[in-house]
Amino acid sequence: TNKLQVSGEMKRCYDFLEMTSRSFAAVIQELNPKLRDGICLFYLVLRGLDTIEDDMTIPGAKKRHLLESFHEIIYQKGWTFKESGPDEKDAILLVEFEVVIAEFLRLPTEYQEVIADITRRMGAGMAKYTRSRVVTMDDYDEYCHYVAGLVGHGLSRLFAVSGLEDKSVGENLELANSMGLFLQKTNITRDINEDVLDGRCFWPKAVWSKYAENEEEIISKRNRDNGLCALNEMCVNALSYIPHVMDYLSQIKEPSVFRFCAIPQVMAIATIVLCFNNANVLDDNVKIRKGEALKLISQATTMDNVKRVFYWYLVALEKKNHPGSHMYEEVRKITDKAKKDI
Ligand SMILES: CC(C)(C)CN1C(=O)[C@@H](CC(=O)N[C@@H](CC(=O)O)C(=O)O)O[C@H](c2cccc3ccccc23)c2cc(Cl)ccc21
């Protein structure tokens, strides 16, 4: 990455990228120059939204106003926000957000319009969910659409606008949505212990209320068998996006765009298979080992390799799926179908 060619402010933006998510920052920096800055800035704008959404010290009305107007804030030179709670890990990004805005305003107008449109729709969706909980399965799909599906929409439109991918990639937004939902639903399923201990819960009440009286009971040791039933239902729900993920990745041609898209997906399949029927998820924040992650990153280079990775993990899932484990039949259907298709 010849950083020397970027402006001082853009250099600072890449510093923020590395602060927020080191491993993924490297993948963004390896993107084709036509997309590198645009996606770095898109990522930072989304991280700015996320930092506001996550900050429990911002009063409800003020938070909703910030979320709903963030798509206009990104056009306001000099805007900064110094009121983040002390625990917000990315607070520095909002303090120095004017740097992101200055560079955003230097992007081609077409890129700005995609980023602003997604920011507007995501901010409105996040604002809606500051008031209501995720109750029904439709709420679950809608919330994940707002915070992750729309990212797929925006990225696919940027890929098309850059000319590096076919126009159709920016039009088939159902597949793009599924790319985001697979990642987000995997994260939500994995993070239940951390979220419940933080007083939050993104698992739909429609699932957990069959097995627990309240959110704390999902992870309690005395309710373990029921907690595992809920966990397995959450895993099966996330696994349902795999066919769409395969179809989406099959249409991506530019190598750096393929890796950018494939790396999070191979991490997600490994994570969701690790979570299935795994009581540790209810007690801890389980993560795939660093060595396994590095191996996955090295594999996420071609469609054939990605198919092999998914196939391998679905065979591993089949091995974990014992008669008597909850969702046994549904998992059988997924693994049998995948063994035919992949
Ligand atoms: C919520 C989320 C899944 C959309 C977050 N999200 C991702 O998870 C990142 C990966 C990431 O940040 N990994 C972190 C791990 C972590 O923080 O959990 C890492 O350090 O490796 O990838 C996604 C992402 C990348 C490529 C294609 C996508 C298509 C649709 C939706 C999202 C897509 C992402 C792309 C952009 Cl532009 C912005 C955000 C994301």
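Thresholds, definitions, all that
Residues numbered from 1 in each chain as written. Predicted model: local features only at pLDDT ≥ 70, side-chain atom pairs only at ≥ 80, totals over all residues. Heavy atoms only, no water. Helix = DSSP H or I, 4+ residues; strand = E, 2+ residues; numbered from the N terminus. Buried < 20%, exposed > 50% of the residue type's maximum accessible area, 1.4 Å probe, protein only. Contact = heavy atoms within 4.5 Å. Core = buried A, V, L, I, M, F, W, Y, C linked by side-chain atoms within 4.5 Å. Polar contact = N/O pair within 3.5 Å; in protein donor to acceptor, adjacent residues only side chain to side chain. Axes fitted to C-alpha atoms, helices over the stretch in contact; angles between N-to-C directions. Parallel < 35°, antiparallel > 145°, perpendicular 65-115°, else oblique. Nonpolar A, V, L, I, M, F, W, Y, C, P; charged D, E, K, R; others polar. Near = heavy atom within 4 Å. Areas by Shrake-Rupley, 256 points an atom, 1.4 Å probe, with all protein chains shown as cover. Salt bridge = Lys/Arg side-chain N within 4 Å of Asp/Glu carboxyl O.

The next subject is the side chain of Asp 195. In this fold, Asp 195 is placed in helix α10 (residues 192–197). Take Asp 195: its relative accessible area is 7%, and that puts it in the buried class. Once residues within four sequence positions are removed from consideration, Asp 195 is found in contact with Arg 200 and Phe 202.

Our next topic: the nonpolar core. Counting residues in each nonpolar core, the largest one holds 125 residues, and the members touching the most others are Phe 159 and Trp 203. Residue contributions to this core peak at 13 residues, all from helix α15 (residues 255–275). The contact partners of Trp 203, leaving out residues within four places of it in the chain, are Val 134, Ile 188, Thr 189, Ile 192, Trp 208, Ile 218, Ala 230, Leu 231, Met 234 and Leu 282.

Within the secondary structure layout, Asn 278 lies in the loop between α15 and α16 (280–283). A polar atom in the side chain of Asn 278 sits 2.9 Å from the backbone nitrogen of Asn 280.

Checked against the element boundaries, Val 134 lands in the loop between α7 (109–128) and α8 (137–162). A residue is classified by how much of its surface remains accessible, and Val 134, at 7% relative accessible area, is buried. A sequence separation of 53 residues divides Val 134 from Asn 187, and the C-alpha atoms of the two residues are 15 Å apart. Contact partners of Val 134, with chain neighbours within four places excluded, come to Tyr 129, Asp 139, Tyr 140, Tyr 143, Phe 202, Trp 203, Pro 204 and Lys 205.

Below, the discussion takes up the packing of α7 against α8. The description of two packed helices rests on the angle between their axes and on the distance between the axes. With their axes 9 Å apart at the nearest point, α7 and α8 run at an angle of 175 degrees to one another. By the angle between their axes, α7 is roughly antiparallel relative to α8. Of the residues in α8, those in contact with Glu 110, Tyr 111, Val 114, Asp 117, Ile 118, Arg 121, Met 122, Gly 125, Met 126 and Lys 128 of α7 are Glu 142, Tyr 146, Val 147, Leu 150, Val 151, His 153, Gly 154, Arg 157, Leu 158, Val 161 and Ser 162. Grouping the amino acids of the contact of α7 with α8 by side-chain chemistry returns 11 nonpolar, 4 polar and 6 charged.

A few words on the site of the ligand. Inspection of the region around the ligand gives 18 residues, with Ser 21, Ser 23, Tyr 43, Gly 152 and Gln 184 positioned closest. Between the ligand and the protein, one listed contact pairs an oxygen atom with a side-chain N or O atom of Ser 23 at 3.0 Å. Take Tyr 43: an N or O atom from its side chain is 2.8 Å from an oxygen atom of the ligand. Across the complex, the protein chains shield 79% of the 760 Å² of accessible surface that the ligand would expose by itself. Breaking the shell around the ligand down by element, the ones donating at least two residues are α2 (22–29), α3 (33–54), α8, α9 (173–190) and α15. In terms of residues, the shell around the ligand owes the most to one element, α8, which gives 5 residues. Its residues assigned to classes, the shell around the ligand shows 13 nonpolar, 5 polar and no charged.

A full pass over the atoms with the stated rule returns 27 salt bridges. A salt bridge links Glu 142 to Lys 128; the nearest nitrogen and oxygen atoms lie 2.9 Å apart. Of this pair, Glu 142 sits in helix α8 while Lys 128 sits in helix α7, placing them 14 residues apart in sequence. With a relative accessible area of 40%, Lys 128 lands in the partly exposed category. Residues joined by salt bridges that share partners form a network here, namely Lys 11, Arg 12, Asp 15 and Glu 96.

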